[in-house]
Amino acid sequence: MLNIKFIRENSDKARTAFRSRGMAENLLDEVISLDERRRAIIVELEEGQHLRNTTSSQIGQLKKEGTDIAELSQEMRQVGEKIKELEKESKEVEDNLNQKLLLLPNLPHPDVPYGQTGEDNPVVHVWGAPTKFSFEPKPHFELGENFGILDFEASAKITGARFALYKGFGARLERALINFMLDLHTKEHGYQEILPPFMVNSAAMTGTGQLPKFKEDLFKCESTDYYLIPTAEVPVTNIHREEILRGDDLPIYYTAYTPCFRAEAGAYGKDTRGLIRQHQFNKVELVKFTKPEDSYAELERLLNDAEEVLKKLEIPYRVVVLCTGDLGFASAKTYDIEAWMPASGGYREISSCSNFEDFQARRAMIRFKRTPDSKPEFVHTLNGSGLAIGRTVVAILENYQLEDGRVAIPKALQPYLDGIEIICPPIKPI
RNA sequence: GGAGAGGUACCGAAGUGGUCAUAACGGGACCGCCUCGAAAGCGGUUUGGGGGAUAAUCUCUCUCACGUGGGUUCGAAUCCCACCCUCUCCGCCA
């Protein structure tokens, strides 16, 4: 959520920022006029409340002295009616304003390059080079089915399209990756491990920005207020919702493995085969709470922490910075890490690292005090994938495949798989 | 699922229609005194949101908030209704 005071005083900046995102500005105008109206009502309302408070205590006094208060009561009854009306009106305007404010996206950081689509995202750096093959590399879903470690027929029968069933070594590989990533982030990068609920209520979804605008991307559990999480960002960021943290405790680093559930509305026909785009996938997430002045340095470190996973797994990748038009709703600045995927012959997003500044903190009321008697300020929140597990499986299978049909296992992962160095089709269940 | 208890500040907790909710009392935290230093002791400070005034992030002032939302009343933490959450016991259960 944006700061209404900031909008009031810097409407030009907000306008320019929204244009760069390709947003309509009429919402901004509505917000500004609602804010004016709201403040006018408040002045009138508070005058009435003041009158009621002072007179009511007088009435108490007079009654004790035995004076007749009938007339005064009658007058106050009218003031009461007026207050009730103004309260109703003020609530309506406030709700309306709030609802609109929740629909306004974050302002991009000034560093963020202007652009309209993902095509315009500049490459920041490249690590490694696209894997070279002396043969035609196979797509991961073909390899997975040949090995008997992925069964999309079974998952389609059990649930439907865009679900995966891992078998034997496949299930084990997924689990090994989760452990490998959690160990790396907790033991080497200083994150605390969290295992949160996989369902959250609507207040949590509003706090991080999925609601109210992106309802159609979520799965909701019927006849409850609970949603399946689309990312661990939601439960983990909401750990500190409506809290005032101690400045000395910042920054806070959390990492969490969770499955992620996404409706993928509007993705019909895209990535229909394989693990790339699923309604349910696993992810290890990194979340940070920082002081405002530290958040951009922390974003760089977060990006490094996520990159480290791919370096250790020796998977080639590049980092891009999202342009204004491609930037997510809540984010002020985002880096995407894209891993090299040989079968499709391109780089593919495997992590997204964002600084939300105080956008989420303001929605979720996550604040901190620098010292015990300073004013509360909003924290900055950040998060990034470290990494998406399913897509990492894709990257390993495709990048590590050999001409004879076998697939090597990255060295860093071998300790998590009883030292297995290479797998051969068809593999026996373990 | 059944029965009961409870939600008030950083924590515990009092307050059951008006006389201070910056909320009694206790604890914690912070500052000061004492001390070579500390502990103890003594004194003090400690909620947050939204308006208005102002050049002002200083200050002054008003207002809201006792789980949430309604209702009754001149006046509600207190009375009434609905909902949410927590705890205890019983049942069921991984």
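Heads up: the structure comes first, above all this text.
As a starting point, this report considers the structure included with it. (Residues numbered from 1 in each chain as written. Chains lettered and ligands numbered in written order. Predicted model: local features only at pLDDT ≥ 70, side-chain atom pairs only at ≥ 80, totals over all residues. Heavy atoms only, no water.)

## What to know about the overall build of chain A
The condition is simple: Secondary structure elements are taken from DSSP: a helix is a run of H or I of four residues or more, a strand is a run of E of two residues or more, and numbering for both begins at the N terminus. Only protein chains enter the accessibility calculation, which uses a 1.4 Å probe. A residue is then buried if its area is under 20% of the maximum for its type, exposed if over 50%, and partly exposed in between. Residues are treated as being in contact if the distance between any of their heavy atoms lies within 4.5 Å. For the purpose of counting charges, residues Lys and Arg are taken to be positive, whereas Asp and Glu are taken to be negative. His and the chain ends are not included. All charge positions are set by atom: Lys at NZ, Arg at CZ, Asp at CG, Glu at CD.
Looking only at helices and strands, chain A has 12 helices and 15 strands in total. Expressed as lengths along the three principal axes of its C-alpha atoms, the size of chain A is roughly 100 × 45 × 40 Å. Here chain A holds 430 residues, and 49% of them are scored as buried. A separation of at least 24 residues holds for 74% of the contacts in chain A among residues at least 6 apart in sequence. If the 54 positive side-chain charges of chain A are averaged to one point and the 66 negative ones to another, these points end up 2 Å apart.

## Thoughts on the pattern of salt bridges
We count it as follows: A pair is scored as a salt bridge if a Lys or Arg side-chain nitrogen falls within 4 Å of a carboxyl oxygen belonging to Asp or Glu.
Enumeration according to the criterion identifies 29 salt bridges in this entry. A salt bridge links Glu293 to Arg370, with the shortest nitrogen-to-oxygen separation between them at 3.0 Å. Of this pair, Glu293 sits in the loop between strand E7 (280-290) and helix H10 (295-313) while Arg370 sits in the loop between strand E11 (366-369) and strand E12 (377-378), and the two are 77 residues apart along the sequence. Here Glu293 falls in the partly exposed class, since its relative accessible area comes to 48%. We note a salt bridge from Arg406 to Asp404, for which the minimum N-O separation is 2.9 Å. Its relative accessible area of 30% is what places Arg406 among the partly exposed residues. On the accessibility criterion, Asp404 (49% relative accessible area) is partly exposed.

## Observations regarding helix H3 (residues 26-65)
Because an α-helix packs 3.6 residues into every turn, residues spaced three or four apart end up facing the same way. Note the threshold: Here the expected length of a helix is defined as 1.5 Å per residue gap, with one fewer gap than residues.
For H3, which comprises 40 residues, the first-to-last C-alpha distance of 59 Å matches the rise-based estimate of 58 Å (1.5 Å per residue) to within 8%. Residues Leu27, Leu28, Val31, Leu34, Asp35, Arg38, Ile41, Leu45, Gly48, Thr55 and Ile59 constitute the buried set of H3. The inward-facing, buried residues of H3 contact helix H1 (4-9), helix H2 (11-20) and helix H4 (70-101). Positive backbone phi, approximately 85 degrees, marks Gly66, located one or two places after H3.

## Section: unusual backbone geometry
A negative phi angle is the norm for most residues apart from glycine, just as the trans form is the norm for most peptide bonds. Here the bond from Leu250 into Pro251 is cis, since omega is 0 degrees, no more than 30 degrees from zero. For Pro251, the location among the structural elements is in the loop between strand E5 (243-246) and strand E6 (252-261). The phi dihedral of Arg162 is positive, around 65 degrees, even though this residue is not glycine. Inspection of the secondary structure assignment puts Arg162 in the loop between helix H6 (152-158) and helix H7 (169-188). Even without a glycine there, the phi angle at Glu357 is positive, about 50 degrees. Here Glu357 lies in the loop between strand E10 (346-355) and helix H11 (359-364).

## Quick word on the protein's contact with RNA strand B
Note the following rule: Working definition: residue near molecule or strand if any one of its non-hydrogen atoms lies within 4 Å of it. For this analysis, a polar contact is any N or O atom pair within 3.5 Å, provided that within protein one partner can donate a hydrogen and the other can accept it, and provided that sequence-adjacent residues contribute only side-chain to side-chain pairs.
Taken together, 24 residues sit near RNA strand B, with Arg38, Glu46, His50, Ser56 and Lys369 positioned nearest. Among all atoms of RNA strand B positioned within 4 Å of the protein, those belonging to sugar or phosphate total 71%. Within the side chain of Glu46, one N or O atom sits 2.7 Å away from a base nitrogen of RNA strand B. One nitrogen or oxygen atom from the side chain of Asn53 is found 3.4 Å from a phosphate oxygen belonging to RNA strand B. When contributions to the surface near RNA strand B are tallied by element, the ones reaching two or more residues are H1, H3, H4 and E11. Sorting elements by how many residues they give to the surface near RNA strand B places H3 first, with 14 residues.

## Points about the packing of H7 against H10
Convention followed: Each axis is a line fitted through C-alpha atoms, and for a helix only the stretch in contact is used; angles between axes span 0 to 180 degrees, taken between their N-to-C directions. Each angle receives one of four descriptions, namely roughly parallel if under 35 degrees, roughly antiparallel if over 145, roughly perpendicular if within 65 to 115, and oblique otherwise. Take the far helix as your reference; a near helix turned counterclockwise from it by less than a right angle gives a left-handed crossing, and one turned clockwise gives a right-handed crossing. Each residue gets one of three labels, nonpolar for Ala, Val, Leu, Ile, Met, Phe, Trp, Tyr, Cys and Pro, charged for Asp, Glu, Lys and Arg, and polar for the others, Gly among them.
Between H7 and H10, the shortest axis-to-axis distance is 11 Å and the interhelical angle comes to 125 degrees. Classified by the angle their axes make, H7 and H10 are oblique. For the pair H7 and H10, the sense of crossing is right-handed. Listed contacts from H10 to Leu177, Phe180, Met181, Leu184, His185 and Glu188 of H7 are Asp305, Glu308, Val309, Lys312 and Leu313. The class makeup of the residues in the contact of H7 with H10 is six nonpolar, one polar and four charged.

## Considerations on the packing of aromatic side chains
In plain terms, the rule: Any Phe, Tyr or Trp ring, taking Trp's six-membered ring, that has another such ring centre within 6.5 Å forms a pair; planes under 30 degrees apart are called stacked, those over 60 apart edge-to-face, and the others tilted.
Under the criterion given, the structure shown has eight aromatic pairs. An angle of 20 degrees between the planes, with centres 5.6 Å apart, marks the rings of Trp127 and Tyr317 as stacked. Taken together, the residues Trp127 in strand E1 (residues 123-127) and Tyr317 in strand E8 (residues 317-321) connect sequence positions 190 residues apart. A relative accessible area of 29% places Trp127 in the partly exposed class.

## Comments concerning the packing of H3 against H4
Packing of H3 against H4 brings their axes to within 8 Å, and their N-to-C directions diverge by 155 degrees. Compared by their axis directions, H3 and H4 come out roughly antiparallel. Helix-helix and strand crossings are classified by hand; for H3 and H4 the assignment is left-handed. Among the residues forming the contact of H3 with H4, the class breakdown is 16 nonpolar, six polar and 11 charged.

## Digging into the sheet that holds E7
The strands that make up a sheet pair up through hydrogen bonds in the backbone, lying either parallel or antiparallel. For clarity, the threshold we go by: Any two strands with at least two DSSP-identified bridges between them are counted as paired.
Spatially, the eight strands line up as an open sheet ordered E1-E8-E9-E10-E13-E7-E6-E2, and their pairing is mixed. The outermost strands of the open sheet, each flanked by one partner alone, are E1 and strand E2 (192-194). Shown here is a sheet whose adjacent strand axes are inclined to one another by a mean of 25 degrees, direction ignored. Relative to E8, E1 runs antiparallel, the two being bridged by four bridges. By the bridge assignment for E8, Val123 is matched with Val320. Along the sheet, H10 makes contact with E1, E6, E7, E8, strand E9 (333-341), E10 and strand E13 (380-388), crossing E13 at roughly 10 degrees.

Any functional reading would require information beyond the geometric quantities listed.
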